[in-house]
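Breakdown of the fold
Here's the letter readout for the chains.
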Number of protein chains: 6
Amino acid sequence: MSLSPPATATAVDDHGGGKIEAEVQDEAWVWVEIKAEARRDAESEPALASYLYSTILSHSSLARSLAFHLGNKLCSSTLLSTLLYDLFLNTVSADPRLRSATVADLRAARYRDPACISFSHCLLNYKGFLAIQAHRVAHKLWLQNRKPIALALHSRIADVFSVDIHPAARIVVIGETAVVGNNVSILHHVTLGGTGKMGGDRHPKIGDGVLIGVGATILGNVKIGEGAKVGAGSVVLIDVPPRTTAVGNPARLVGGNEQPNVHEDVPGESMDHTSFISQWSDYII
Amino acid sequence: MSLSPPATATAVDDHGGGKIEAEVQDEAWVWVEIKAEARRDAESEPALASYLYSTILSHSSLARSLAFHLGNKLCSSTLLSTLLYDLFLNTVSADPRLRSATVADLRAARYRDPACISFSHCLLNYKGFLAIQAHRVAHKLWLQNRKPIALALHSRIADVFSVDIHPAARIVVIGETAVVGNNVSILHHVTLGGTGKMGGDRHPKIGDGVLIGVGATILGNVKIGEGAKVGAGSVVLIDVPPRTTAVGNPARLVGGNEQPNVHEDVPGESMDHTSFISQWSDYII
Amino acid sequence: MSLSPPATATAVDDHGGGKIEAEVQDEAWVWVEIKAEARRDAESEPALASYLYSTILSHSSLARSLAFHLGNKLCSSTLLSTLLYDLFLNTVSADPRLRSATVADLRAARYRDPACISFSHCLLNYKGFLAIQAHRVAHKLWLQNRKPIALALHSRIADVFSVDIHPAARIVVIGETAVVGNNVSILHHVTLGGTGKMGGDRHPKIGDGVLIGVGATILGNVKIGEGAKVGAGSVVLIDVPPRTTAVGNPARLVGGNEQPNVHEDVPGESMDHTSFISQWSDYII
Amino acid sequence: MSLSPPATATAVDDHGGGKIEAEVQDEAWVWVEIKAEARRDAESEPALASYLYSTILSHSSLARSLAFHLGNKLCSSTLLSTLLYDLFLNTVSADPRLRSATVADLRAARYRDPACISFSHCLLNYKGFLAIQAHRVAHKLWLQNRKPIALALHSRIADVFSVDIHPAARIVVIGETAVVGNNVSILHHVTLGGTGKMGGDRHPKIGDGVLIGVGATILGNVKIGEGAKVGAGSVVLIDVPPRTTAVGNPARLVGGNEQPNVHEDVPGESMDHTSFISQWSDYII
Amino acid sequence: MSLSPPATATAVDDHGGGKIEAEVQDEAWVWVEIKAEARRDAESEPALASYLYSTILSHSSLARSLAFHLGNKLCSSTLLSTLLYDLFLNTVSADPRLRSATVADLRAARYRDPACISFSHCLLNYKGFLAIQAHRVAHKLWLQNRKPIALALHSRIADVFSVDIHPAARIVVIGETAVVGNNVSILHHVTLGGTGKMGGDRHPKIGDGVLIGVGATILGNVKIGEGAKVGAGSVVLIDVPPRTTAVGNPARLVGGNEQPNVHEDVPGESMDHTSFISQWSDYII
Amino acid sequence: MSLSPPATATAVDDHGGGKIEAEVQDEAWVWVEIKAEARRDAESEPALASYLYSTILSHSSLARSLAFHLGNKLCSSTLLSTLLYDLFLNTVSADPRLRSATVADLRAARYRDPACISFSHCLLNYKGFLAIQAHRVAHKLWLQNRKPIALALHSRIADVFSVDIHPAARIVVIGETAVVGNNVSILHHVTLGGTGKMGGDRHPKIGDGVLIGVGATILGNVKIGEGAKVGAGSVVLIDVPPRTTAVGNPARLVGGNEQPNVHEDVPGESMDHTSFISQWSDYII
């Protein structure tokens, strides 16, 4: 299966209107792919077909499918699925940038992660992907000063996905020309939280193309520069410069704070968790 | 909003009876605050009002609200919410010290954590807070030799809150005069477990004022001294002396085992996760 | 309570048919024990009796009890418990080796872990145990090229048990004569995942008798040799030779990569998480 | 099994205090019987044991068991079981007459209806019995002018039990000496409703010892006199004098309005639905 | 509380555009009333507030509130609430006549039925009202030849509301000028079904202003003329001329088939179930 | 679509072994038809596909599909779907006559009732059909003296389907040669119950080919002869001879008790509810 929409769609990117148009085409193309995948899986695996129809094939758009799936994942006996479905659908419908970000996330996972065998697999099963989509809605509600509901959503995201991102945390830095480059990969058991008891801006800022490994914890008002890499299980309490790697607990920069090694790839794309190992050979006790 | 009950309440603390009376007043005051917060949030956010009424505003006491919320959070298809609600309510009703501890926890979170924008936010959404309230009930059942139900509760707490505290673990050391000082802060993804295959007392003891960071693991019959600090993601296998900091995996004391640095604040109160960083500068590879 | 079936059962092990017969007897003996435990607990704790009857005492075999319990644990509003129950029951019924493995896991937990006060406690409450039973089914479906349903199951296991084992990961190396020695212990918050964006065999292989501690992460196509030990919270990116210990983040071998210390016990049996501490004394900063 | 408590209990009935004491003893005696029945059934039918423990055997009193069962029967996704449980328990705890009425209903069903093989069978499975217990609570809330919640309860009773009794309807006429004689039997698919669009008292009044057959409908401010009988499927729009029978649609009195036949038994006790048949022989067309 | 919108709204009815405008105003006015009632009830009855917020006060329109409530009432483990919510919302949004009919039904119930103490009471609790709203959607799907989903909906309506209206049945005859007069009242336990095994049009047609009593059954291709009345529990197998009354089983016309009595009121409005009684005095056996 | 299996199947009916073989073929043929219908509906109506896959298309046999559907329909928070699924599946698997009866019921509904547009429609949506399948299991449990679970099942059938058939009632009289003729049609709101307070055999016996209309009530130890017809809403307290019709409340025989009219068709097949009307013309008052 090809991983790109038809060339005509990617070509048009010269101005704002064209970009939005291209994104709309992109969203439509990905949605067509997802439905084709789900239909194929439903045919080959009848035991899963009910799940695939209710989550994907019965919906008329990606936004509806995602809102439905998140509503059913995050609901509880006191927060009904229908209420959450409405909340997600209304927020996403009002903001095409949220929909573009979802498409970019899906493409990133599909392209970079060999374990991701299809778009639909990511849409249905990736905790990191689902947690970030829900976080974006919570973050938007937070910025609209609807803090109580943003925090309730945050609490459910943490309960269900074991991914704890404070709604005040800014995950994505979308510059004018950076939408496509918005390639953050956040795996599960990740915490982006505040620290200390002072008020003010106390939450992490995560740049483009960052890879945050399984179980990593990033605390406080620190910046993870674009293209940086945070190792699995690391606890990051300091800024990580662009295109460097932080590993360990507490996390240290590979190459040291003064002269950290700079890598060339975009780890959020390469999903390469282990290339720094050679530099650690002297670290073995 | 003021963070203390009226002066008349805090003044009375000279004898046992006065203390209990003051605590009852304290509980009542916190409950009044919580209801006022919930009412204000329900008005500003109708989408959340149903949740706030069912969890807080329809109840006649803090104990009932908490028992209801925990019952609905921890229930499953084989452990009904009504059964758990009864279990929590009966245990808490029979022991005023459990209720005092809840109030102390709420005040601690509200006072120390700038991310905690209200008592009700803590009551509804803080996994650490909720896990500890449920653990206290499980611990009490364990001490009454009702082990099977204590372990079933423990299993649900771990499933739902990703906080794994063995029911035999003693979290709080409540001395004769130390109830108010009972300021342990336990964040999420924390494990307090046993180790080895010998029987006997194999579980951690956590002193007053301790701060246990996100994702920390404390294993075996170790003592975390009063006012100590355990860094996020740390794995603690040794005793941590009072007012020292243990970080890393496996955790080491900041300043070394022989002469650990002693800090002056109560980290469970200051919630300062990062002040040890300067001492780690030489640790960068 | 004795931990072994009657001698007659263990004695017969001289040929294939005898082994299977012995295993069937073993399964029957464990099931009798489990029912006796559950009956005793139900009598002493009426509040838990409903749970014990629905999960254990109403079933006619261990396989049915486990399929029922996993179906109810892992179900969601879009993946019904009855569907999962059928999936587990059909897969397990068709493969006696899955049933033997379950019995071996139960005996291992019961024998090695002093916190495991009964077989039924493990069956009902141990996240690691439950996650591995469900993983074995997911792994089998993966090998049958039923990938979409294997991944959906994997997603639910990760959501509910906070144990993330890719369905392609091989946990157990069951040699011709090694069934009983199949003593891997995997605690909660464990991740066994792939790394990098290349295809091919990218997942961990875990040998017999391995102990994987709380919150450990093992990434990529690495081998954890038989009898090895992975410390709590460790992040393992390299092969771990047989009977050695890997600890820390990133994990290093105790004794160093060149001459790792070799221990004599089978840590998956001894459950000894901490004996390497003495070797770390110089590691304190 | 005997159907009466020990003689000592029934003997004391000479004054108010004695009566209440006797009733308390009566309640305790019935509850002991119910638990014995449930224990016996759980032993002989493991598949039902979970149900029997959760509904009966895990509770400390009949009132708690009934509140639990009704809460779980009548709950919906927007009216939680825990909320209803609380509502039933609080209302019943505050009024010993509601508890006496429940005991009287249980004894009546057990004594009169040969299909009622045990108290516990009635408590768990009889729609008429359960609907009346819930109606009594709704009626009490109505009298306290808590109309919205009384009507919400009424709606759920009608949905779940197909028994439609307006909360304003007075089912039982409990005179000073008539508590034990309060033997109304209402089967399922029964409607007691208002008629017309005038306000005022528009609902039926049902006297002691009345038997209302399956599917009967009684509309408007009519009186069903003590000991009267309403045939299955009858539609009653007129007063029914004491100890007479009304049958058919629209219901007519057996023997005619002027000289209705008067029977001697208490049909709510004899449960005799068919003795009037001989008088209808000329009715065959 | 007044039962009409401000005069300005009802005055504009001279042409099509004006009528739709007036209806939109009418819908808005009723919705404002419903929210005011629900807010008042939530304040006076905190135990019901959660229910009122989730079903009414959190929604932005009557259509959304109704779709939410029906979705939660009619859902099952295999037909999710979110799916039904979408189905109702999409169907109703596309057809303003369905919304007008809902408003007319609410006003009719509120105006005619003294038991209906508020619009919100009808919206939340009236089985007949809710069943007809759901039936209209099922009927529309039937006409669009989406028979399988129409029948699935029909099955759920019958299960939950005990009102059985075949989706092919036409309940309302809306003439050009008859929208407001569309005053059918259908109480619970009503069946409108087909008969015989021939195909073709086999279902009832119910005219304007008809009152169908509790438990009535109307079978086959019969016409219930405008303003007719069908007694509670009646079984109607023949046409009922306009403004006549059919009662009994099998139903006969009051006054006889040849010269049925003609009444002047609109029984669907007067809700008078019993005025025919005087004519039945000679019917007593 | 043809309504019969291929001729080869129906031809073999000469001896016992052949009959069973033919029935197995019949069951297989109906199941193939049902799956084809469900597949066609799922394609044309994606919103229903999830429901059709979970209830029909994911199952390997009709018995499994029916057990799954009944388990999900009849479950409650205290009687889990998995438990009921097991109970239905085990009972039906052990008795091929139950499976034959299901197939006969499906064919009867499909052949006789023009409203029944497909086998799958009957299987999923017909309350009467579903209630009878569940009743057969309850009746079998009753005969095995498993009365408590038979009564619990009876209670759920009455709650959910509004069809009340006492588990002691014998619905079908299956003679040696009468399996195919076993054509009872029971519509919804039907009650088959006992009467009086004497013990002994107090329940109805329903012969072959009987049609019982909507809302009918049959009470006591009466016989409804083969091919008899009971009108909608009728209340039957007397025996109904073969091939006669009983209507009204209380039910009378058409033609009178002495010389009841005998019809020639099998009403349970013709589904003709109304042919007796002409004989009632003089009955109009």
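Under the annotation held in an unreviewed UniProt entry, chain A carries the name serine O-acetyltransferase and is attributed to Escallonia herrerae. Recorded in UniProt for chain A, the comment headed Sequence similarities (unreviewed entry) runs: "Belongs to the transferase hexapeptide repeat family." Here is the UniProt Pathway (unreviewed entry) comment for chain A, exactly as written: "Amino-acid biosynthesis; L-cysteine biosynthesis; L-cysteine from L-serine: step 1/2."

**Regarding the overall build of chain A**
In terms of regular secondary structure, chain A is built from ten helices and eleven strands. In chain A, which comprises 285 residues, the proportion classed as buried is 66%. Within chain A, contacts between residues separated by at least 24 positions form 51% of all contacts whose residues are at least 6 apart in sequence. When the accessible surface of chain A is totalled, it reaches about 9700 Å², and 54% of it is carbon and sulfur.

**What to know about the environment of K127(D)**
Residues and elements named next belong to chain D. Turning to its location among the elements, K127 is positioned in helix α8 (residues 127-143). Judged by its relative accessible area of 5%, K127 falls in the buried class. With 34 residues separating them in the primary sequence, K127 and F161 have C-alpha atoms 5.6 Å apart.

**Focus on the packing of helix α8 (residues 127-143) of chain E against helix α9 (residues 147-161) of chain E**
Residues and elements named next belong to chain E. In contact at an axis separation of 8 Å, α8 and α9 are set at 170° when each is read in the N-to-C sense. The orientation of α8 relative to α9 falls into the category roughly antiparallel. Contacts between α8 and α9 involve K127, L130, A131, A134, H135, V137, A138, L141 and W142 on the former and, on the latter, K147, I149, A150, L151, L153, I157, V160 and F161. Class assignment of the residues belonging to the contact of α8 with α9 gives a composition of 14 nonpolar, one polar and two charged.

**Description of helix α4 (residues 62-74) of chain B**
Its 13 residues place the ends of α4(B) 18 Å apart at the C-alpha level, agreeing with the 18 Å of an ideal helix rising 1.5 Å per residue. Counted residue by residue, α4(B) has twelve buried out of 13 residues, so it is predominantly covered.

**Overview of unusual backbone geometry**
The omega torsion across N249(C) and P250(C) is -10°, close enough to zero to call that bond cis. Within the secondary structure, P250(C) sits in the loop between β10 (245-247) and β11 (252-253). Although it is not a glycine, S162(D) sits at a positive phi angle of roughly 55°. Within the fold, S162(D) resides in the loop between α9 (147-161) and β1 (164-165). We classify S162(D) as buried; its relative accessible area is 1%. Its identity is not glycine, yet R243(D) carries a phi of approximately 60°, on the positive side. Residue placement: R243(D) occurs in the loop between β9 (235-236) and β10 (245-247).

Rules of the game
- Residues numbered from 1 in each chain as written.
- Chains lettered and ligands numbered in written order.
- Predicted model: local features only at pLDDT ≥ 70, side-chain atom pairs only at ≥ 80, totals over all residues.
- Heavy atoms only, no water.
- UniProt positions renumbered as here; feature names shortened; annotations may be inferred.
- Helix = DSSP H or I, 4+ residues; strand = E, 2+ residues; numbered from the N terminus.
- Buried < 20%, exposed > 50% of the residue type's maximum accessible area, 1.4 Å probe, protein only.
- Contact = heavy atoms within 4.5 Å.
- Areas by Shrake-Rupley, 256 points an atom, 1.4 Å probe, with all protein chains shown as cover.
- Axes fitted to C-alpha atoms, helices over the stretch in contact; angles between N-to-C directions.
- Parallel < 35°, antiparallel > 145°, perpendicular 65-115°, else oblique.
- Nonpolar A, V, L, I, M, F, W, Y, C, P; charged D, E, K, R; others polar.
- Expected span 1.5 Å × (residues − 1).

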